[in-house]
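Residues per chain are reported as follows:
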Amino acid sequence: MDVEQLIKKFQVKNSSEQDLVVLSGVHTIGLAHCLLFWKRIYNESDNLEPKFAQSKQRECPLVGGDDNLSPLKFSTPTLFDNRFYIGLLQKQGLLHSDVALLASNSTLDKVIEYANNQTKYFIYFPISMVKMGAIGVLTGENSIIRRNCHLV
């Protein structure tokens, strides 16, 4: 999905480009199955920082590694910080939706802003999370109280 499509998806939910960039930053922590990005690390490696691509290729072999898990971020993979944005600017973006943030001047400006100012990212992240949490909330007769969250 390209950046314009991502922006439109957010706008439909009354969210902004800033929300898109801020919430993408959650990829500063966590893991992804190799299946989600192996095409990128093998077919688009000229668009990736070489050591990052090689590291991911070791974790995710071309054959037989689809279910392997790999950190989304090269450095500090278990720390919630702004290194996701720094990594994006250093060609260490793993998912296409993350790399797409570099394709628009307005989203790129936000990536640079958060890469340079972790405090600002920490201020906007909870604001965007609360905003996202309010999307599509069912209330009144439309709501459901679940005793087991896995069952509807």
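Thresholds applied
Residues numbered from 1 in each chain as written. Predicted model: local features only at pLDDT ≥ 70, side-chain atom pairs only at ≥ 80, totals over all residues. Heavy atoms only, no water. pLDDT = per-residue confidence, 0-100. Helix = DSSP H or I, 4+ residues; strand = E, 2+ residues; numbered from the N terminus. Buried < 20%, exposed > 50% of the residue type's maximum accessible area, 1.4 Å probe, protein only. Contact = heavy atoms within 4.5 Å. Disulfide = S-S within 2.5 Å. Polar contact = N/O pair within 3.5 Å; in protein donor to acceptor, adjacent residues only side chain to side chain. Lys, Arg positive; Asp, Glu negative; His and termini not counted. Salt bridge = Lys/Arg side-chain N within 4 Å of Asp/Glu carboxyl O.

Describing the confidence of the model for the protein
This prediction gives the protein a mean pLDDT of 91; 99% of its residues lie at or above 70. By mean pLDDT, the top-scoring element of the protein is helix α7 (residues 105–116) (97), and the lowest-scoring one is helix α3 (residues 38–43) (92).

Details of the environment of I135
The topology assignment puts I135 in the segment after α8 (118–133). Taking the relative accessible area as the measure of exposure, I135 reaches 31% and is therefore partly exposed. For I135, the residues in contact, after removing those within four places along its chain, are K13 and S15.

Looking at the state of the cysteines
As used in these notes, a disulfide is a covalent bond between sulfur atoms, one from each of two cysteines. Considering all chains together, one arrives at 1 disulfide under this definition. Across a sulfur-sulfur distance of 1.9 Å, C34 and C60 are joined as a disulfide pair. Residues C34 and C60 share a disulfide whose torsion about the S-S bond is about -60°; that sign makes it left-handed. Residue C34 is found in the loop between β1 (31–33) and α3, and its partner C60 is found in the loop between α4 (50–59) and β2 (69–71); the two are separated by 26 residues along the sequence. On the basis of relative accessibility, which here comes to 0%, the residue C60 falls in the buried class.

What to know about the side chain of D81
By the element assignment, D81 lies in the loop between β2 and α5 (83–89). For D81, the side chain forms a polar contact with the side chain of T28, separated by 2.9 Å. Excluding residues that lie within four positions of it along the chain, D81 makes contacts with T28, K73, T76, Q118, Y121 and F122.

Structural notes on the side chain of D98
Residue position: D98 is located in helix α6 (residues 96–99). Despite being buried, D98 has no salt bridge partner; R40 is the closest side chain of opposite charge, sitting 8.1 Å away. Leave out the neighbours within four places in its chain, and D98 touches S24, H27, F84 and L88.

So, the environment of T119
Mapped onto the fold, T119 is located in helix α8. On the basis of relative accessibility, which here comes to 55%, the residue T119 falls in the exposed class. Between the C-alpha atoms of T119 and N43, which are 76 residues apart in sequence, the distance is 36 Å.

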